[in-house]
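# Notes for the structure review
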Amino acid sequence: LSWRKSNDDCPAYGCPLLPEEFVDIQEKLRLLHDGVNDDEGVQELLNHSTKNEGGAVLTLMGYKGGKIEDQINQDRAVLIDPYLQKKSARFLGVFDGHAERGEVVSEFARKEMPRILGEKLERVKKWMVGSDISTWYPKDQVKAALTQTFLDVHRSIPTNGQGGATASVMLQLGSNVFFANVGDSRSFLVIAQPNKVAIVYKTREDKPHLPDERKRIEEAGGLVSIPRGDEDDSSRVVKIDPKKGTTFGLAMSRSIGDWDMGEVGVIASPLVDTVDLKEAMRAFQTEEECVPSEEDPDSCVVDLDQAEKIDTENTVVFAVSATDGITDYLDPEEIAKHIAPIMLKPDSSHLLVRCGGLIFAAADGWKKDMEGTYRDDITIAVSKLSWE
C-alpha cells in the first residue's frame, strides 16, 4: 500500500514529499506518458506529487515470498524542498529497512533525520549576511551535524535495536551540497547539458569486504564472508552467537539500527562529503571549453575566462537517491542519462514518468533473474538543485 501522506500541517523544517506506490499510479503514469493531462486522476497525482517538475519520489513494494497481502515495503524516502524554509536548501534521502521490524527503523529515520538535523543546523548557523546561505553554515560544522544526526537516530530507534536500515541523504545549503551515507543505498550528483551528462559525485556502497571496513570488523571480532563464483552476491559481516549456536549475516558494514551487529564492528557513522556546486559547474564547463593545442594535439588549452561563463540556460544540476532494489540493476550513469532529458526539457514529459520507467526496468531485471520468486523493494528520489 502507498504510505504517502498529505503535506498538511507540515513540520517546522518543511513539507515532506513522500513516495507514490508505483502499482497504485501505474495507469496514471501511462496517461501522463501519452500526454493526457486533463484526466482527473492525473491532475490529482500532479497536485499531490510536486508543484514543479524538479522533484519526484516513487517506490515499488517488493515480493519476498508468500501471500501478496503479507508483503511489507521496508523502503522509505523523502524530499523536502524547500528545507528549513530557505529557498536554496533541500533535503533528499532514501532509507532501506532490513530484517524483522526494518520498516519501523527506516520510517523512524525518515521522520527523525530531517528534524534532528534541522535543529542542529540552526544551532551552528552564523550571522546571516547576504543571500548565499552557503556562507551561513560552516562546512565542518555541517558535516559534524550530519554525523551526529545519524548517530542520534541510530541510538534512539524504537525497536530496542532490532532491525536496521540504510540511510543515504543529500543536503543542499546554497552552493554547498553535502552527502552522508551508511549501507548500500546510493546518492549521486549530476550535471547535464543537451549533449553531455556527468556524475560529479556518488556515494559508495558500504560493503564488508572493503579494506578499511574489513579491518574494523575483524578487529572487533567479526568475520567477513566473501562469496566465491557469484558476482551478484554480497560480502557479509558474520556474527556467531556461541550461546544459541546461531549465525547472523549482514550485507553491509554500516547501518542505522542492528545494535547486535555493533558488537562486531558495524557502525552508524556515515561517510560525509561536500561538493561545491560552483566549482563543480566550472569544472564541467572547463572540460567543455577544452580544445586541442596546436603544439601538442594530445593536450588541451582551457580558456579560463570562458570557463567562468557557465551556460546556465542549458545546464541543469540534480541529485538522486536510490535503494539497491534499483541500483542492483541500473548503475548511476544509466539512471542519470535517463532522467537528464526531462530535467533539461520539463515540458516533454513528467519526472514521475521517467522514474516509473526506471522502476519498471529494475523490476524486470529482478523478474528475469529470480523468475518471480523474489524482488527487492525499489525506491528512487530525485531533486533538481538551484541556488542564488
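Look a little higher up for the structure.
Scope of this entry: the structure provided in the associated data block. The model shown is predicted, which means the values in this text are computed figures rather than measured ones.

## Some thoughts on helix H10 (residues 351-370)
The first and last C-alpha atoms of H10 sit 29 Å apart over 20 residues, in line with the 28 Å expected at 1.5 Å per residue. Two residues or fewer after H10 comes Glu-371, characterised by a positive phi angle close to 55°.

## Some points on the packing of aromatic side chains
Taken as a whole and judged by the stated rule, the model has five aromatic pairs. Taking the centre distance of 5.6 Å and the plane angle of 40° together, the rings of Tyr-83 and Phe-91 count as tilted. Here Tyr-83 matches Phe-91 in class, with each residue buried. The structure contains a cluster of three or more aromatic residues connected by ring pairs, namely Tyr-13, Tyr-83 and Phe-91.

## Considering helix H1 (residues 22-33)
Look at H1: only 14 Å from first C-alpha to last across twelve residues, short of the 16 Å you get at 1.5 Å a residue. Every buried residue of H1 is accounted for by Phe-22, Ile-25, Leu-29, Leu-31 and Leu-32. Positive backbone phi, at 85°, marks Gly-35, one or two positions downstream of H1.

## Let's talk about the sheet that holds strand S9 (residues 186-193)
Ordered in space as S2-S3-S19-S18-S9-S10, the six strands form an open sheet in which the pairing is mixed. Two strands lie at the open edges of the sheet, namely strand S2 (20-21) and strand S10 (196-202), each paired on one side alone. Strand direction decides the pairing type here: strand S18 (residues 316-322) and strand S19 (residues 378-385), joined by six bridges, are antiparallel. Paired with Val-320 across the two strands is Val-382, which belongs to S19. Against the sheet, H10 contacts strand S3 (55-60) and S19, and its axis sits at roughly 25° relative to S3.

## A word on the nonpolar core
By size, the foremost hydrophobic cluster in this structure holds 38 residues, and its most contacted members are Tyr-83, Leu-121, Leu-146, Leu-171 and Ile-256. If you list the elements that add at least two residues to this core, you get strand S4 (75-80), strand S5 (89-98), helix H3 (102-124), helix H4 (139-155), strand S7 (167-173) and strand S8 (176-182). With eight residues, H3 is the single largest residue contributor to this core. Membership of the second largest hydrophobic core comes to 34 residues, among which are Leu-29, Phe-318, Met-343 and Ala-363.

## Points about the pairing of S9
Across the eight residues that make up S9, a large majority, eight, are buried. Burial of the side chains of S9 extends over both faces: Arg-186, Phe-188, Val-190 and Ala-192 are buried on one face and Ser-187, Leu-189, Ile-191 and Gln-193 on the other. With seven bridges connecting them, S9 and S18 associate as antiparallel partners. Within the sheet, the bridge partner assigned to Val-190 lies in S18 and is Phe-318. Two elements, S9 and S10, share six bridges in a ladder whose sense is antiparallel. Residue pairing for S10: Val-190 is matched across the bridge by Ile-199. The antiparallel hairpin formed by S9 and S10 contains two residues in its connecting segment.

## Quick notes on the sheet that holds strand S12 (residues 236-241)
Across the sheet, which stays open at both edges, the three strands sit in the order S11-S12-S13 with antiparallel pairing between neighbours. On the outer flanks of this sheet lie strand S11 (223-225) and strand S13 (246-250), each paired with one strand and no other. For this sheet, the mean angle separating the axes of adjacent strands, direction not counted, is 35°.

## Describing the pattern of salt bridges
Tallied over the entire structure, the rule returns 23 salt bridges. A salt bridge links Arg-90 to Asp-81; the shortest N-O distance between them is 3.2 Å. On the accessibility criterion, Asp-81 (32% relative accessible area) is partly exposed. Of the charged contacts in the structure, one is a salt bridge between Arg-204 and Asp-212, with a shortest N-O distance of 3.4 Å. One salt-bridge network, held together by shared partners, links Arg-204, Asp-206, Asp-212, Glu-213, Arg-216 and Arg-254.

## Comments concerning the packing of helix H9 (residues 332-344) against H10
At a minimum axis distance of 9 Å, the contact between H9 and H10 shows a crossing angle of 165°. One finds that H9 runs roughly antiparallel with respect to H10. Crossing geometry of H9 relative to H10 is assigned as right-handed. Where H9 approaches H10, its residues Ile-335, His-338, Ile-339, Pro-341, Ile-342 and Met-343 are matched on the opposing element by Leu-351, Arg-354, Gly-357 and Leu-358.

Definitions and limits used
- Residues numbered from 1 in each chain as written.
- Predicted model: local features only at pLDDT ≥ 70, side-chain atom pairs only at ≥ 80, totals over all residues.
- Heavy atoms only, no water.
- Helix = DSSP H or I, 4+ residues; strand = E, 2+ residues; numbered from the N terminus.
- Expected span 1.5 Å × (residues − 1).
- Phe/Tyr/Trp six-rings, centres within 6.5 Å; stacked < 30°, edge-to-face > 60°.
- Buried < 20%, exposed > 50% of the residue type's maximum accessible area, 1.4 Å probe, protein only.
- Pairing = 2+ DSSP bridges.
- Contact = heavy atoms within 4.5 Å.
- Axes fitted to C-alpha atoms, helices over the stretch in contact; angles between N-to-C directions.
- Core = buried A, V, L, I, M, F, W, Y, C linked by side-chain atoms within 4.5 Å.
- Salt bridge = Lys/Arg side-chain N within 4 Å of Asp/Glu carboxyl O.
- Parallel < 35°, antiparallel > 145°, perpendicular 65-115°, else oblique.
- Left-handed = near helix turned anticlockwise from the far one by under 90°.

Read these as geometric descriptors, not functional statements.
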